[in-house]
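Given next are the chains, with one letter for each unit.
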Amino acid sequence: MKSISLCSIAFSVALTTVAGSAMAATTLEAVKARGSVQCGVNVGLPGFSAPDSTGKWSGLDVDYCRAVAAAVLGDAKKVSYIPLSAQQRFQALQSGEVDLLSRNTTWTLSRDTSTGFNFAPTTFYDGQGFMVAKSLGVKSAKDLNGATVCVQQGTTTELNLADYFRANGMTFKPVVIEQVDQTFDTFFSGRCDVVTDDSSALASERASAAKKPDDYLILPEIISKEPLAPAVRQGDDKWFAIVKWAVFATFDAEEKGISSANVDDFVKNSKDPDIQRILGVSPGLGAALGVDEKWAYNIIKQVGNYGEIFERNVGVNTPLKLERGLNAQWNKGGLIYAPPLR
Amino acid sequence: MTVDPFTAVSRTAPPRGGWAGDPRYRALALQAIAVAVIVFVAWYLISNTIANLARANVASGYAYLGREASFGISETLIDYAPNDSYGRAILVGLLNTLKVSVVGIVLATLLGTLVGIARLSSNWLLSHVAEAYVELIRNIPLLLQLLFWYTVITETLPGPRQAFRPLPGVFLSNRGLAFPVPNADPAWSLAAAGLLLAFVGCFGVRAWARRRLAQTGRPVGILLPCLGILVGLPALAWLIGGAPTGINMPQMQGFNLVGGVVCTPEFTAILAGLVVYTAAFIAEIVRSGILAVSHGQTEAATALGLTRGQILRLITLPQALRLIIPPVTSQYLNLAKNSSLAVAIGYPDLVSVLNTTMNQTGQAVENVVLFMSVYLTISLAIAAFMNWYNAHIALVER
C-alpha cells in the first residue's frame, strides 16, 4: 500500500516537473484524443465507488465519471478509473494524472484556492459523524472525552475531529491510518473506541465491513458540513463548465421528471421548449459547451437523473439505507438545485 | 564549461599526441560535461516545476510550516496540541521516527547477534531453529509482517476493560501495554546524572585496570567495583534528591487507561516488525563474519590454553567485527528507512505526519523535498557514526 502511494506521489511529482507539454493541450482535447475520461475515484467505498467481483465499478461518484464521459464522448463506458487514497488524490489531479476527481471530496476554501482546484456542484451533502460499538454504552458524542479515535489520514475529517474535541474541551487519542478499509478494520478489531468519518461512509462501512452491523451505533451528532463534489484543475474553464453542467443536467432532469426510462418519450413527444433545448432537439446548448448536442440526452439515457443515481447507489433500498434528506430536490426540502439550462 | 571545446577538438585533433590525447585533459573535460549535464537537468526540472505549479495555481513555499496544524497526534515525545504549528507537528513525527529507529537498531543488533551465534552452535536443534527463523523472516515482505504484528496485537488482546493484569499496575490490552512509572521529580534527573557519572567512572576503572595489567602482568577484576558504582551513585543521588517514592499508576478511567507509561500497539508492532526483520539479516552477517576468521586461529588459541569465552572475546570477535561493521551499517540504514512503513499501521512517524501535512496543505513538492532531506540526514548521520566506529576498530597496519 505504502509503496503504491509513495510511487504515485513520486510519479505525480515527476509529472509536475516535466509534464509541461502534456498539460498545454486542453483537457477536452486530451480526453477526445484518448477516447476516455481518466477519473480519480475512491479505492473502495461501497455506494460511492467500489469495484464488484468482476472488476466493474459502481457508485454515486462513479456515476458522475460516467456522466462526464457520456456528455463528452457519447458513451458512459469510456472511463478509466484510477483508484486513489485520500492522500494521493490531490497530487493526482494537480499533476494531470486524472481529468476529474470524483472521490467523495469535501469542497473547502483552501482546496478551492491554494490546492489549485475548481469544484463542480455538490453531488452529495454529507456531514461528519461518529460510530461506536453499542456495548460501549455511549449515546452522545459529548460523552467521548478521553476516547481513542480511528481516523483516516489526509481528510477534512482529521481536522474536524481535532476541532470538535477542542471546542468541547475534551481530549482524544487519534489512531491515524492511511487506507480507509484498514481504518475500519482497526476500529472493528476494538483498537479504537470510536471511528469518525462522513456519516454516509460510516453507514457504508457498517453495512459492508462489520461482522455484525447491528452491534454498532452511529451517534446523532453531525459535527461538520461535508459537501462532496467532483473537482477539476484550475486553468481550464471549458472543461470545468462541462463537468459542472453534466452534474446540473442530472439535477434538472430529476426536477423535470426525465429519467432513463422515459427520456426517449420526451425526445419524441415533448413540446416544452425548455426540455427540447436540454435534450438537444433544438440545438445550441451543446455547441455552447463544446460537446455534442445530445450531451444531456446521453447522460440521462445512460446514467440516469440524480434521483435514479441516488436511489441506485445509496438510497433506502441499498445496504446503506440513506434517506434523501439534504439531498432531496430544492422543491422537496433539500439542497439539490440546478440553474436554468438555457 | 561548455561542450564546444571538447567536441571541436575531438573532431580536428590528431588521434595521438596533442592536448586531446592527454588523459588528464580528457578526464577534466568529461567531468566538466557531466557537471554541465547535471546542472542543466536540475535547472530544467526546477524551472519546469515552478512554472507548472504557478500555472496550476498551487501555492508554493514553506510558509505553511508556521501555520496551525489543527490535527491530533497520538504519540508525542514533546508537548504537542492541535493548535501547534505544522513545523512542530513535523518535529513530533521526526522524533517518533528517531525513537523507533534507535530502539530498533539496538534490539535488532542484540537479537541478530544471538541468532547469528546460535546458527553456529553445535546444538542441532538450536542451529536449525535459528536457520528456520532467518529463512522464514527474510523472505517475507516487511509490510506484510507489520500488518501481521498489528493484527495479532489488536485482534487477540482483550479490550481495556478486560485487560490482562500480569502484575499489579500492569495492564495488557489492545490499547497497549501500560505500566507504572515513578512520579516526575527532580531527584530522578539527579539519579540519571549519577548513572552517567558512574559509566564514565567505569571507563576510568577499566583504563586503570589495563595499565595495571600491562605494568604488573596481573589481571584486575573490574566487574564488582563497576557494579558497585553503577548502583551506588544513582542511589546516592536519589537519596540526596529526597528519596521520592510516588508512583504514577495506570488506572482505568472512562474509556481508557490513564497515567503510567503506555507502549501503544502501533509502536510495538512497528518495533517488533523492524527488529525481527532486520535481525534476520544481521544474523547472517554476524555468522559470515565469525566464519571468516580462520579456524586455525581458534585452534592455536586453544593450544595456548585460552578458554572458549576468551577465544571469542580476544581472538575471534575483534577480527570478525571488522568484517561485520560495514554490512551491518547498511542494515541500520535500511531499518531507519523502513520505519517509514509505519504509516500503514498508524504509528505517527515522520511519513505519517508529513502525509497529513501534504494533504491538508496540498503542497506535495515542498513536503517531498522535506521527506528526502530528513531521511538523507538521518542516513548520513548513521553512516558517519558507523564509519567512525569502523575506523576505530580497524586493524592498524604499519
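Residues numbered from 1 in each chain as written. Chains lettered and ligands numbered in written order. Predicted model: local features only at pLDDT ≥ 70, side-chain atom pairs only at ≥ 80, totals over all residues.

Enquirer: How do you make sense of the overall build of chain B when you look at a structure like this?
Expert: Regarding its fold elements, chain B presents 12 helices and seven strands. Each of the three principal axes of chain B carries a C-alpha extent, and together these read 85 × 70 × 45 Å. The proportion of buried residues among the 398 residues of chain B is 30%. Pairs at least 24 apart in sequence give 68% of the contacts found in chain B among residues at least 6 apart. (Helix = DSSP H or I, 4+ residues; strand = E, 2+ residues; numbered from the N terminus. Buried ≥ 20, exposed ≤ 12 C-beta atoms within 10 Å, placed from the backbone. Contact = placed C-beta atoms within 7 Å.)

Enquirer: Is there a simple way to think about the packing of helix α10 (residues 237–256) of chain A against helix α15 (residues 306–313) of chain A in this case?
Expert: Helix-helix packing is described using two parameters, namely the angle between the two axes and the distance between the axes. Residues and elements named next belong to chain A. Two elements in contact, α10 and α15, have axes separated by 6 Å at closest approach and are oriented at 100°. What the angle tells us is that α10 and α15 run roughly perpendicular. Facing α10, whose interface residues are T250, F251 and E254, α15 presents Y306, G307 and I309. (Axes fitted to C-alpha atoms, helices over the stretch in contact; angles between N-to-C directions. Parallel < 35°, antiparallel > 145°, perpendicular 65-115°, else oblique.)

Enquirer: Looking at this model, I keep getting lost on the sheet that holds strand β10 (residues 172–177) of chain A. Mind explaining?
Expert: All names here are of chain A. Taking strand neighbours across the sheet as the criterion, the five strands line up as β10-β9-β11-β8-β12 in an open arrangement whose pairing is mixed. Edge positions in the open sheet fall to β10 and β12 (216–218), since each of these has one partner strand only. Pairs of neighbouring strands in the sheet enclose a mean axial angle of 30°, with direction left out of account. Sheet analysis places strand β9 (residues 147–152) next to strand β11 (residues 194–198), joined by two bridges and oriented parallel. Bridging from a neighbouring strand, V149 pairs with V194 of β11. Across the sheet, helix α8 (residues 180–188) lies against β9, β10 and β11, angled at about 160° from β9, the strand it touches most. (Pairing = 2+ DSSP bridges.)

Enquirer: When you look at the nonpolar core in this model, what are you seeing that I'm missing?
Expert: Generally speaking, a soluble globular protein has its nonpolar side chains buried in company with each other. Of all hydrophobic cores here, the largest spans 164 residues; its most connected members are C65, V68, A71, I242, A246 and I299 of chain A together with I270 of chain B. Ranked by residues supplied to this core, first place goes to helix α8 (residues 265–292) of chain B with 16 residues. In this structure I299 of chain A touches A67, A70, A71, A246, A249 and T250 of chain A, once residues within four positions along its chain are discounted. If you look at the next biggest cluster of nonpolar residues, it comprises six residues, including A163, F171, A178 and V262 of chain B. (Core = buried A, V, L, I, M, F, W, Y, C linked by C-beta atoms within 7 Å.)

Enquirer: Help me understand the confidence of the model for chain B in this model?
Expert: As a general rule, the predicted coordinates of low-pLDDT regions are not to be interpreted in detail. Residue and element names in this part refer to chain B. Residues at a pLDDT of 70 or more form 94% of chain B, whose mean pLDDT is 86. Ranking the elements of chain B by mean pLDDT puts helix α1 (residues 4–12) last with 49 and helix α4 (residues 124–138) first with 95. Of the regions scoring below 50 in pLDDT, residues 6–10 engages in four contacts with residues more than four places distant in sequence or in other chains. The complex model carries a pTM of 0.77, and its ipTM stands at 0.72. (pLDDT = per-residue confidence, 0-100.)

Enquirer: What should I look at first to understand the environment of L157 of chain B in this one?
Expert: Residue and element names in this part refer to chain B. Within the fold, L157 resides in the loop between α5 (142–156) and β1 (171–173). Taking the C-alpha atoms as reference points, L157 and S173, separated by 16 residues in sequence, lie 5.2 Å from one another. Non-local contacts of L157, meaning those with residues more than four positions away in its chain, are made with L172, S173 and N174.

Enquirer: I'm lost on unusual backbone geometry in this one. Help?
Expert: With the exception of glycine, most residues fall at negative phi, and the peptide bonds are largely trans. Of note, K321 of chain A is a non-glycine position whose phi angle comes to about 55°, a positive value. As for its position among the elements, K321 of chain A is in the segment after α15. One non-glycine residue with positive phi stands out, namely S70 of chain B, at about 50°. Here S70 of chain B shows up in the loop between α2 (23–55) and α3 (86–119). Looking at S70 of chain B, the number of C-beta atoms within 10 Å reads 20, which means it is buried.

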